[in-house]
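Structural features, examined
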Amino acid sequence: MGKLIYEGTVKVDFDDRTLAHLQLVIGTKLRRGEPFHFTWRDDASIGDGRTTIWVHPRCSLVYKFYGSRKPQLNPAWIDALAHTANSPAGLYLVPEPALPPVEHEDAHDLVG
């Protein structure tokens, strides 16, 4: 379970895989100088509501990953998250689309 820390005070847990995708989408927006809202559902332990932050190029963000390995990124999920980040509502989590199937050589092709 990773953690996103905003301005040193707002701390929210995301699994490392989700956090890696968010980091890429947020970083892309900030490199372009494009501020946006980011909204997520809060855990039931803190009220089961939602939180929205204003993400801008001068904000302080920390991405804390608890796993040592980088997760495989899903380009379709990056595109879906970027689409929400570019909308008037801002960035919010959407379900991860399935990864495209990996093409394997047919066993018949391996036999001479």
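Everything below is about the structure shown above.
First, a word on what this report is: a plain description of the structure on this page. Every value quoted in this text rests on a predicted model; they were computed, and no experiment measured them.

**Digging into the overall build of the chain**
On a plain count of helices and strands, the chain comes out with 3 helices and 6 strands. Helices (α) and strands (β) of the chain occur, in sequence order from the N terminus, as β-β-α-β-β-β-α-β-α. Taking all 112 residues of the chain together, the buried fraction comes to 32%. Total accessible area on the chain stands at roughly 7,600 Å², and carbon and sulfur atoms take up 54% of it.

**Observations regarding the pattern of salt bridges**
Enumeration over the complete set of coordinates arrives at 3 salt bridges. Lysine 3 is the salt-bridge partner of aspartate 13, the closest N and O atoms lying 2.7 Å from each other. Separated by 10 residues along the polypeptide, aspartate 13 in strand S2 (residues 10–14) and lysine 3 in strand S1 (residues 2–6) bring together distant segments of the chain. Here arginine 17 and glutamate 96 are joined by a salt bridge, their closest N and O atoms 2.3 Å apart.

**Things to note about the sheet that holds strand S6 (residues 91–92)**
Pairing in this open sheet of 3 strands is mixed, and the strands run S4-S3-S6 from one edge to the other. Single-partner strands in this sheet number two, and they are strand S4 (50–55) and S6. Here 6 bridges tie strand S3 (residues 36–41) to S4, and the two strands are oriented antiparallel to one another. By the bridge assignment, threonine 39 is partnered in S4 with threonine 52.

**Examining the environment of leucine 4**
Mapped onto the elements, leucine 4 comes out in strand S1. Judged by relative accessible area, which is 2%, leucine 4 ranks as buried. Between the alpha carbons of leucine 4 and leucine 19 there is a distance of 7.5 Å; along the sequence they are 15 residues apart. Apart from the residues lying within four places of it in its own chain, the contact partners of leucine 4 are Val10, Lys11, Val12, Phe14, Leu19, Phe38, Leu61, Val62 and Tyr63.

**Some details on the nonpolar core**
Taken as a class, soluble globular proteins show a tendency for nonpolar side chains to be buried jointly. Of all hydrophobic cores here, the largest spans 22 residues; its most connected members are Phe14, Ile26, Phe38, Val55, Leu61 and Leu91. At the level of secondary structure, the elements contributing two or more residues to this core comprise S1, S2, helix H1 (16–31), S3, S4 and helix H2 (75–85). Broken down by element, this core gets its largest block of residues, 5 residues, from H1. Those residues in contact with isoleucine 26, other than ones at most four positions away along the chain, are Phe36, Phe38, Val55, Leu61, Tyr63 and Leu91.

**Remarks on H1**
Here H1 contains 16 residues, and its C-alpha end-to-end distance of 22 Å stays within 8% of the 22 Å for a straight helix at 1.5 Å per residue. Among all positions of H1, only Asp16, Thr18, Leu19, Ala20, His21, Leu22, Val25, Ile26, Gly27, Lys29 and Leu30 are buried. Measuring from the backbone nitrogen of arginine 17 back to the side-chain oxygen at the start of H1 gives 3.1 Å, which picks out aspartate 15 as the cap. Directly after H1, the chain includes glycine 33, whose backbone phi takes a positive value near 70 degrees.

So, how was this worked out
Residues numbered from 1 in each chain as written. Predicted model: local features only at pLDDT ≥ 70, side-chain atom pairs only at ≥ 80, totals over all residues. Heavy atoms only, no water. Helix = DSSP H or I, 4+ residues; strand = E, 2+ residues; numbered from the N terminus. Buried < 20%, exposed > 50% of the residue type's maximum accessible area, 1.4 Å probe, protein only. Areas by Shrake-Rupley, 256 points an atom, 1.4 Å probe, with all protein chains shown as cover. Salt bridge = Lys/Arg side-chain N within 4 Å of Asp/Glu carboxyl O. Pairing = 2+ DSSP bridges. Contact = heavy atoms within 4.5 Å. Core = buried A, V, L, I, M, F, W, Y, C linked by side-chain atoms within 4.5 Å. Expected span 1.5 Å × (residues − 1). Polar contact = N/O pair within 3.5 Å; in protein donor to acceptor, adjacent residues only side chain to side chain.

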